[in-house]
Amino acid sequence: MSALDGLDPRQLEAVTTLRGPLVVLAGAGTGKTRVITHRIAHGVDTGAYSPGRVMAVTFTAKAAGEMRGRLRALGVEGVAARTFHAAALAQLNFFWPQLTGDSAPTIASNKVKLLAHAADAIGIDPDVATLRDVASEIEWRKVRMQSIEDYAATRTRGIGRLDVARVVDLQRAYEKLKDERRQLDFEDVLLACAGMLEAEPQVTQAVREQYRHFTVDEFQDVSPLQHRLLDLWLGDRRDLCVVGDASQTIFSFAGADSSFLLEFEREHEGARMVRLEVNHRSDAPILAVANGLMRDRPGALELVSARGDG
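Residues numbered from 1 in each chain as written. Predicted model: local features only at pLDDT ≥ 70, side-chain atom pairs only at ≥ 80, totals over all residues. Heavy atoms only, no water.

Caption draft 1: A look at the packing of helix H6 (residues 128–143) against helix H8 (residues 164–181). At a minimum axis separation of 11 Å, H6 and H8 run at an interaxial angle of 75 degrees. The orientation of H6 relative to H8 falls into the category roughly perpendicular. Touching Leu131, Val134, Glu137, Ile138, Arg141 and Lys142 of H6 are Leu170, Gln171, Tyr174, Glu175 and Lys178, all from H8. In the contact of H6 with H8, the residues fall into five nonpolar, one polar and five charged. (Axes fitted to C-alpha atoms, helices over the stretch in contact; angles between N-to-C directions. Helix = DSSP H or I, 4+ residues; strand = E, 2+ residues; numbered from the N terminus. Parallel < 35°, antiparallel > 145°, perpendicular 65-115°, else oblique. Contact = heavy atoms within 4.5 Å. Nonpolar A, V, L, I, M, F, W, Y, C, P; charged D, E, K, R; others polar.)

Caption draft 2: Broad picture of H6. With 16 residues, H6 ought to run about 22 Å at 1.5 Å a step, and its terminal C-alpha atoms sit 23 Å apart, in line with that. Taken as a whole, H6 has its buried residues at Thr130, Leu131, Val134, Ala135, Glu137, Ile138, Arg141, Lys142 and Val143. Of the surrounding elements, those touching the buried residues of H6 are helix H5 (111–121), helix H7 (148–154), H8, helix H9 (186–199) and helix H11 (224–234). Phi turns positive one or two residues past the end of H6, at Met145, with a value near 60 degrees. (Expected span 1.5 Å × (residues − 1). Buried < 20%, exposed > 50% of the residue type's maximum accessible area, 1.4 Å probe, protein only.)

Caption draft 3: Region of interest: the side chain of His268. Locating His268 in the fold gives a position in the loop between helix H13 (264–267) and strand E8 (272–276). With residues near it in sequence (within four places) discarded, His268 still touches Pro21, Leu234 and Leu240.

Caption draft 4: Examining the sheet that holds strand E7 (residues 240–244) more closely. Strand order in the open sheet formed by six strands is E3-E2-E6-E7-E1-E8, with parallel pairing between adjacent strands. Strands with a single pairing partner mark the edges of an open sheet, and in this sheet they are strand E3 (80–83) and E8. Pairwise comparison of adjacent strand axes, ignoring direction, gives a mean angle of 15 degrees for this sheet. Taken together, the four bridges between strand E2 (residues 54–58) and E3 define a ladder with parallel strand orientation. Directly across from Met55, in E3, lies its bridge partner Ala80. Contacting E2, E3 and strand E6 (213–216), helix H4 (residues 84–100) runs over the sheet at an angle of about 110 degrees to E3. (Pairing = 2+ DSSP bridges.)

Caption draft 5: Broad picture of the pattern of salt bridges. For the coordinates displayed, the defined rule picks out 25 salt bridges. Among the ionic pairs, Arg70 bridges to Glu66, the shortest N-O distance being 2.8 Å. Here the residue Arg70 and the residue Glu66 both occupy positions in helix H3 (residues 61–73), the gap between them amounting to four residues, near one helical turn. The closest approach of N and O atoms between Lys142 and Asp188, which form a salt bridge, is 2.8 Å. Separated by 46 residues along the polypeptide, Lys142 in helix H6 and Asp188 in helix H9 bring together distant segments of the chain. There is no split in this pair, since Lys142 and Asp188 are both buried. A cluster of three or more residues bridged by salt bridges with shared partners is formed by Arg141, Lys142, Glu175, Lys178, Asp185 and Asp188. (Salt bridge = Lys/Arg side-chain N within 4 Å of Asp/Glu carboxyl O.)

Below, the structure written as structure tokens:
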């Protein structure tokens, strides 16, 4: 089966645009994953891509697994289809021993439990709900690339029974405890990988030599930290395809910023845009309601049903 079989005209346009920068605005039910996998397969089939030099990034391990499965069905093996965190962790585990002569730090399995130990160390006893809220604040701070000092300067309210000063003390104790235990948390994986690439030119060169072609799914949910890491992977090259829909942003609470999708053309000079608006899943009356709800919102697409009135 050819990677070009069974595509509608807009899908075909996206799949056959093999050189970036390319932004695909893909509404719900318009065949987003189909376009991503068929574009990569078409690039491999035509010799434009070497599978081992393609990185396809998405947000969940399940989505990455589905992407690998679809690529296998198209006869493509060897593409690195991973989450941001899995890709960053693989690079840390590979390069850290070369740089330090020691194994990479382990990953902390439970942020709340670690915060409880840090709280004991500074003589406070917050309840579990407060610890969970502090954990969320740490995650938000890190994906927005704020230091603890930045956080302290901008935070106006405490959390639970803890005032701002104690929340800051707890975060500092948490970081100190992680360092003592040689552990990283989930967000540290991205921060450490970005820091390694910024500080070690030979590592950056090796990563950029390995991966030449980048595709990022669900680009509306990229955080500033993930965007920074992607920039470091890419360097001054332009072979980047991003796919997303601002109307489907679901991780704003965790620091995602849909402006990276909406301003892609401005950030990447000469970028091409393809809009996928033919919905293959829902009947016209359903899409009429959906279009009405999203109309006039930033980046809203006008979906058209391929199924008729229903």
